[in-house]
There are 2 protein chains.
Amino acid sequence: MSRAHRVDRVRARMAGADALLVTDLTNIRWLTGFTGSNGWVVLGSDTITLVTDGRYGVQAAQQMAAAGVQGDVAVGATGGACLELVAQACAAYSTVAFESTHVTFHQHTQYRAAVAAELVPTTGVVEAERRVKDPDEIEAMARACRIADQALAEVAPSLVDGLTEAQVRNRLELRMRELGASGPSYDTIVATGPRNAALPHHRPTDTVIEHGHTVIIDVGALVDGYHSDMTRTFVVGEPTPLQDELYHLVLTAQQAGVAAVRPGMRVQELDGVCRGIITDAGYGDWFTHGTGHGVGLLIHEDPFVNRAGDAILQVGDVVTVEPGVYREGFGGVRVEDLVVVTSDGCRVLTSSPKDSPCPPSPPTT
Amino acid sequence: MSRAHRVDRVRARMAGADALLVTDLTNIRWLTGFTGSNGWVVLGSDTITLVTDGRYGVQAAQQMAAAGVQGDVAVGATGGACLELVAQACAAYSTVAFESTHVTFHQHTQYRAAVAAELVPTTGVVEAERRVKDPDEIEAMARACRIADQALAEVAPSLVDGLTEAQVRNRLELRMRELGASGPSYDTIVATGPRNAALPHHRPTDTVIEHGHTVIIDVGALVDGYHSDMTRTFVVGEPTPLQDELYHLVLTAQQAGVAAVRPGMRVQELDGVCRGIITDAGYGDWFTHGTGHGVGLLIHEDPFVNRAGDAILQVGDVVTVEPGVYREGFGGVRVEDLVVVTSDGCRVLTSSPKDSPCPPSPPTT
C-alpha cells in the first residue's frame, strides 16, 4: 500500500517552515517504510531525502520504493558524513522545523552548527497524522489481536494448574510466536494474588497462582511492527462476593466506555464514562491510572485517554479502553480491549471472552 | 551492596558545576537503585534528591534505602509538579550540569524556564563511572552468562533437526526464562544459510536450518537488569573447506583478542588485534563491524571497541570480543565472548564450547 498520501498529509502540517527534519525512527518508518536503526528524513514541499549509513543504503532504497515514496537516499560512511548529508538536504531551505521532543540538546547543537537554515522547534507534527490508521495498519493490529486472543484461549485453562506467573507468561509468549507474531507487543503482565495484582504494571515472578487469587493477564502480539493490547482478569476458584462485585463493576465500566467511543468525543469524556461508574460505586480511588492510550507502531502513543486529555477522537484512531481497580490485600481487576474508532462508534479488535472471571475449561478433544 | 560509593565517584566528576541533574533512567537506577519509569535526580555536593510521581514514591524510598543511599524522595502529582520539585531541589545552586545527550530540546526548554540556576550541558558523567563494574554487577552478568550457556547447550543439538530460525529462538528464550532469566538480554539472533547469516543483525524468520548451512546464534540473558552477550557459529553437517577456514580464522582472531585484553589498552588497539588477523588472511572487508562494546545495565554501552575508539580499558570494564565475517552467498561466522577486565588481563564470563563449529550431540541420558 502506498504511503505517498502520508507524506502529503504531513506536508500539509508544515505551514511556517520550508521543510521538516524527521529524526524519530518510528515517524521515519511510518512515513517512508524504512526500518533501519539509523536515519534522518528531510521533507520539503516537493522532495523527500532519507539519509542513512552504509549498513542500510540498499534496504532504504528498497523500502522507500516498496512504500511508493518517490525520494532520494543519501548514504554517509560516518556519523559526521551523515550530518553533512542532512545539512546538504536542508541547504535549499530558509527554515527547517525539527522534532523537539525527539532531538536531544546535544544533537540540536550539532544540527545548529551544520545546517545553515533557521531551525524551528515543533512537536507532534508526524504523530498527529500517524495516530489515524490506514486499513492495512488496522488489519495488522487486528491480526495481532487474533494471535493474542488465540494464545490466551489456549493458556487460560492452565491457570488452575498451580503454575507461576512467569510460567504463564512464558507459555503465552511462546504460543504468540508460534502463531506468527514476531514477538510480544510488550512485556506480558501476569499478576496474581493480593499483592502482585494490586500493581498495575507488575512484572511476572515465581509467585504461584493459587486458589482464591485474582489473576490479571495483560498480553499483546507484535505483527509487522504493529502492536496489540488486551487485558483479562480471572479468579481461580469460586469468586468471593468482593471479587465478583469488583469484576462486574470494572466490566460494566469497560463496556460502557467501549459503547461510548465515537468520533468527535473528547478523550477526557471517555475517561469520565469509565471513571464515573467506578467512582459512583465508591471505588474511585482504586482506579489509579488513565482509561487508555493510542496503539500503533508504538504500544503507547497519541491519543492518551485520561482525565487531563483534551484530544478529540477521530475515525481511524486505535485506542485501548482499560479501566481497573487495585488495592493491596485485595489484588486487582482490569479489563481492556483495543478498539478502532469508526464513523458511527468503534470496532472492537480484541475478542477474548470477558463475561465471567472464571478461567475457561480446557477444550475437549 | 551499598551504592554510596557510586554517588561519591560521580560527585568527584562534577567539577565546574554545583550540582548534576541526572535524567537518564539507567543512570538513575545505577546511582540510586530506583527502577521506576519516571524520575529525576539532583545530586549536590552533600545532598541527593530523587523526584518521581505518585506511582513510585514508596518504591523509590525503599529502593534508595536498600541501596544505602542517604537522600530525599520528593513526589509530584503531575508532570508540572515534578518539574517544580526538580527546580526546588536545584534552588540552592548557581550552576547545574545536565545530561545533554539524554535531555531533549523540548525538555531543556522546560528546565530552563523552571530552574533558576545556570544549566550547563555535560555528556557521559555518570556513564564514565557506570562502565566500571562492582563485584555484584559482575556476578549478575556471570549468572546471566551461565543461563545463556546452559540454554545453548540444551538447544544446540537440535540444530540438525530441520527447525526454523524462529523455532530455535523460541526454544532458547523459553529455556533462559525457565532457568531464571527475567528475559532475553536482547532479541536473540538465529541466522542461517548463505543469505540470512550474511546479515550481522538478522532477525529470526521461518527459514529452515538446512544441512550445509552456517548458523549464527547470538544469545544472552537478563538477570537483575544486567545483560549477557554471546555468539557461537555452527555448521550443520560436514563443514566445507571455506566454512572450516573461516570458522577457524574468526576463532583465532577472537581468541587473540581475548588474550590481548588488559587494563591500560586503548580499545582501537584491541580492535586492531582481531581485525589484523582477519585482514592478513584476506578477509578484512568481510569484517563489517566493530570488535565489541561494553555491557551492563544496557546491552550496548561504553566503552565501544572499534577502529575509531580511543577509550582505555580499565579494571572492571565488561566488554564483548566478537569479530565476524559476512558475505552474501557464503553466510557468516561470528564468535563472541563477554569478558571482564582484570588487573592482569581478563576473565571470560561466557563458557560455551567454541573449538569446533559442529553442533554438540544430544546428551545421553
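Here, the structure is the one placed above.
Note that the coordinates shown come from a computational prediction; the quantities given were computed from them, not determined experimentally.

Student: It is not clear to me how the sheet that holds strand S12 (residues 231-235) of chain A should be interpreted in this structure. Could you clarify?
Tutor: Within a sheet, adjacent strands bond to each other through the backbone by hydrogen bonds, running parallel or antiparallel. Residues and elements named next belong to chain A. Within the open sheet, the 3 strands sit side by side as S8-S9-S12. Their pairing is antiparallel. Looking at which strands have only one partner, the edges of the open sheet turn out to be strand S8 (189-192) and S12. For this sheet the average axis-to-axis angle between neighbouring strands, irrespective of direction, equals 15 degrees. Where strand S9 (residues 214-218) meets S12, 5 bridges bridge the pair, whose relative direction is antiparallel. When the bridges of S12 are listed, isoleucine 216 appears paired with threonine 233.

Student: So what exactly am I meant to see when it comes to the interface of chain A and chain B here?
Tutor: A common measure of how large an interface is: the accessible area buried when the components associate. Counting residues at the interface gives 17 residues for chain A, matched by 17 residues for chain B. Interface area, chain A with chain B, both sides summed: about 1600 Å², of which 57% is carbon and sulfur. When the buried surface of chain A facing chain B is broken down by residue, A:Phe105, A:Asn170 and A:Arg177 rank first, second and third, together holding 38% of it. When the shortest N-O distance is used, the salt bridge between B:Arg177 and A:Glu173 registers 2.3 Å. For the interface between chain A and chain B, the tally reads 8 residue pairs in polar contact (both at pLDDT 80 or more). Contributions of two or more residues to the side of chain A that touches chain B are made by helix H5 (105-114) and helix H8 (165-178) of chain A. The element contributing the most residues to the side of chain A that touches chain B is H8(A), with 6 residues. Across the side of chain A that touches chain B, the residue classes break down as 5 nonpolar, 8 polar and 4 charged.

Student: Explain the relation of the copies chain A and chain B to me, please; I cannot follow it from the model alone.
Tutor: Superposition of the two copies of the chain requires a rotation about an axis together with a shift along that axis. Mapping chain A onto chain B calls for a rotation angle of 179 degrees and an axial translation of 0.0 Å; the resulting RMSD is 0.0 Å. Expressed as an axis order, the relation between the two copies is that of a two-fold axis. By C-alpha distance to the rotation axis, the residue of chain A lying nearest is A:Thr104, at 1.9 Å. A symmetric contact is evident, with 100% of the interface residues of chain A recurring at the interface of chain B.

Student: Help me understand the packing of aromatic side chains in this model?
Tutor: Two descriptors summarise a pair of aromatic rings, namely the distance from one centre to the other and the angle between the planes of the rings. Within this structure, the stated rule accounts for 8 aromatic pairs over all chains. Ring geometry for B:Phe34 against B:Tyr56: centres 5.7 Å apart, planes inclined by 85 degrees, an arrangement best described as edge-to-face. With a gap of 22 residues between them, B:Phe34 in the loop between helix H2 (25-32) and strand S2 (40-43) and B:Tyr56 in the loop between strand S3 (48-53) and helix H3 (57-66) connect regions that are remote in the sequence. Residue classification places B:Phe34 among the buried residues on the basis of a relative accessible area of 1%. You can call B:Tyr56 buried: its relative accessible area is 13%. Site record: aromatic cluster; members linked through ring pairs are A:Tyr283, A:Trp286 and A:Phe330. For A:Arg275, the ring lying beneath its charged end belongs to A:Phe287, and the centroid distance is 4.0 Å.

Student: Help me understand the packing of helix H10 (residues 241-260) of chain B against helix H11 (residues 267-280) of chain B, please; the structure alone is not making it clear to me.
Tutor: Packed helices, taken two at a time, are described by the angle their axes make and the gap between the axes. Residue and element names in this part refer to chain B. Between H10 and H11, the least distance of the axes is 8 Å, while the angle of their chain directions is 155 degrees. Looking at the two axes, H10 sits roughly antiparallel to H11. For the pair H10 and H11, the sense of crossing is right-handed. The segment H10 lies against H11, with Leu249, Thr252, Ala253, Ala256, Gly257 and Ala260 engaging Leu270, Val273, Cys274, Ile277 and Ile278. Classifying every residue of the contact of H10 with H11 gives 9 nonpolar, 2 polar and no charged.

Here is what the cut-offs are and how they apply
Residues numbered from 1 in each chain as written. Chains lettered and ligands numbered in written order. Predicted model: local features only at pLDDT ≥ 70, side-chain atom pairs only at ≥ 80, totals over all residues. Heavy atoms only, no water. Pairing = 2+ DSSP bridges. Helix = DSSP H or I, 4+ residues; strand = E, 2+ residues; numbered from the N terminus. Axes fitted to C-alpha atoms, helices over the stretch in contact; angles between N-to-C directions. Contact = heavy atoms within 4.5 Å. Buried area = accessible area lost by both parts, 1.4 Å probe. Salt bridge = Lys/Arg side-chain N within 4 Å of Asp/Glu carboxyl O. Polar contact = N/O pair within 3.5 Å; in protein donor to acceptor, adjacent residues only side chain to side chain. Nonpolar A, V, L, I, M, F, W, Y, C, P; charged D, E, K, R; others polar. Least-squares fit on C-alpha atoms with pLDDT ≥ 70 in both. Phe/Tyr/Trp six-rings, centres within 6.5 Å; stacked < 30°, edge-to-face > 60°. Buried < 20%, exposed > 50% of the residue type's maximum accessible area, 1.4 Å probe, protein only. Lys NZ or Arg CZ within 6 Å of the ring centre and 35° of its normal. Parallel < 35°, antiparallel > 145°, perpendicular 65-115°, else oblique. Left-handed = near helix turned anticlockwise from the far one by under 90°.

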